[in-house]
Amino acid sequence: MKRRAFLAGGGALLLAGCTSTPTPATTPDASATAATAEPTPSPTPEASTKTPATPPPDERSGEGLAVPYEVDGIIVVSPAHRVSAAYVPAWAERPNGLHPDAAAGFTALAAAAQADGLALSLRSGYRSYATQKASFERALRTYPEETARRYYAEPGASEHQTGLSLDAWDGSNRGSAFARTPQAAWLAAHATTHGFIVRYPQDKTTITGYAWESWHLRWVGTEVSAAFAPDPSLTLEEFLGLA
Ligand SMILES: [Zn+2]
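What counts and how
- Residues numbered from 1 in each chain as written.
- Predicted model: local features only at pLDDT ≥ 70, side-chain atom pairs only at ≥ 80, totals over all residues.
- Helix = DSSP H or I, 4+ residues; strand = E, 2+ residues; numbered from the N terminus.
- Buried ≥ 20, exposed ≤ 12 C-beta atoms within 10 Å, placed from the backbone.
- Contact = placed C-beta atoms within 7 Å.
- Pairing = 2+ DSSP bridges.
- Axes fitted to C-alpha atoms, helices over the stretch in contact; angles between N-to-C directions.
- Expected span 1.5 Å × (residues − 1).
- Arc of directions from axis to C-beta.
- pLDDT = per-residue confidence, 0-100.

**A few points about the overall build of the protein chain**
- In terms of helices and strands, the protein chain carries eight helices and six strands.
- Tracing the protein chain from N to C terminus, the helices and strands come up as β-β-α-β-α-α-β-α-α-β-α-β-α-α.
- Taken over 243 residues, the protein chain has a buried fraction of 56%.
- In the protein chain, the proportion of contacts linking residues at least 24 apart, taken out of those at least 6 apart, comes to 75%.

Now the structure itself:
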């Protein structure tokens, strides 16, 4: 496996829950979701087998890891694998705070969508720990707690803090409204062709901790994403043996 390929350039990243909701009225704003952290250059992962390159996660109740947890070179940031407020990827200052490969990947993805007649743009990329904290707290004030937690990651538990994830949209529909757009269906069918996975598939909440987010994409690189093509509802946790 060459899973580390997508991390070329070194640096750690991971996931973050973002969210939107299939629930009518109270659909959280997808862009206000998940992750955050402060940029701290992290070492380039060299793992070539499913051996954690970082210490076993024991950060559930702590402050999170200074360097994202990884399995086989693939960064994982989730409620079970958090990063600290001090973690800021090296590319946080780039446009949208995205890893260069993820940014290029999205450009290609959007071009492919356009070729199929669908406008697709980036709504939210990197989010710092502080930004995520504010977003999560706002969600708690806005929605019932369970809904907020299904769609918004706590600070440190958002993939957005890694700069490897992004929220896409059609320019006008968010949350559950976006889930009903042709773009959402297109992403479900074609994201894996371009190095991305829909990170929080429908009906996988018990595994990911988040509701279905048709707009939240995680860059994993085309070699890894190809493994998800046969079953786009496969989760990263299942793929990495973490489920
Ligand atoms: Zn998101």
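Back to the text.
**A short note on the sheet that holds strand E5 (residues 196-200)**
- Strand order across the open sheet formed by four strands is E3-E4-E6-E5, with antiparallel pairing between neighbours. Two strands lie at the open edges of the sheet, namely strand E3 (121-124) and E5, each paired on one side alone. The mean inter-strand angle of the sheet, taken between neighbouring strand axes irrespective of direction, is 50 degrees.
- In terms of strand pairing, strand E4 (residues 165-169) meets strand E6 (residues 213-219) through three bridges, oriented antiparallel. Residue pairing for E6: Leu-166 is matched across the bridge by Leu-217.
- Helix-sheet contacts for helix H1 (residues 100-115) involve E3, E4, E5 and E6, and the interaxial angle to E6 is about 130 degrees.
- Relative to E6, helix H5 (residues 182-190) is tilted by about 40 degrees, and along the sheet it contacts E4, E5 and E6.

**Regarding unusual backbone geometry**
- Not every positive phi belongs to a glycine, and Asn-96 is a case in point at roughly 65 degrees.
- Take Asn-96: it is sitting in the loop between strand E2 (74-76) and H1.

**Thoughts on helix H2 (residues 129-142)**
- Compared with the 20 Å implied by 1.5 Å per residue over 14 residues, the 20 Å span of H2 between its first and last C-alpha is a close match.
- Buried within H2 we find Tyr-129, Thr-131, Gln-132, Ser-135, Phe-136 and Ala-139. Down the axis of H2, the buried set is contained in an arc of 155 degrees. They therefore lie on one face.
- On its buried face, H2 is in contact with helix H3 (145-151).

**Focus: the confidence of the model for the protein chain**
- For the protein chain, mean pLDDT is 82; residues scoring 70 or higher make up 74% of the total.
- Here residues 1-61 is a poorly scored stretch, pLDDT under 50, and it has 244 contacts once near neighbours within four places are set aside; other chains count.

**Comments concerning the environment of Thr-147**
- If you trace the backbone, Thr-147 turns up in helix H3.
- Exposure remark for Thr-147: the 19 C-beta atoms within 10 Å place this residue in the partly exposed category.

**Observations concerning the environment of Arg-199**
- Inspection of the secondary structure assignment puts Arg-199 in strand E5.
- Linking Arg-199 and Trp-212, residues 13 residues apart in sequence, is a C-alpha distance of 8.7 Å.

**Let's talk about the environment of Ser-124**
- Summarising the element assignment, Ser-124 is placed in strand E3.
- Sequence separation between Ser-124 and Asp-167 is 43 residues; the distance between their C-alpha atoms is 5.0 Å.

**Some points on the pairing of E4**
- Counting buried residues along E4, five of its five residues qualify, which places the element largely inside the surrounding structure.
- Residue alternation in E4 divides its side chains into two sets, Ser-165, Asp-167 and Trp-169 and Leu-166 and Ala-168, and both sets are buried.
- One ladder, built from three bridges, connects E3 with E4; its direction is antiparallel. Looking at the pairing, Ser-124 lines up with Asp-167 of E4.

**Some details on H5**
- Taken together, the buried positions of H5 are occupied by Gln-183, Ala-184 and Leu-187. Along H5, the residues classed as buried sweep out an arc of 100 degrees about the axis, all on the same side.
- Buried-residue contacts for H5 involve H1, E4, helix H4 (175-179), E5 and E6.

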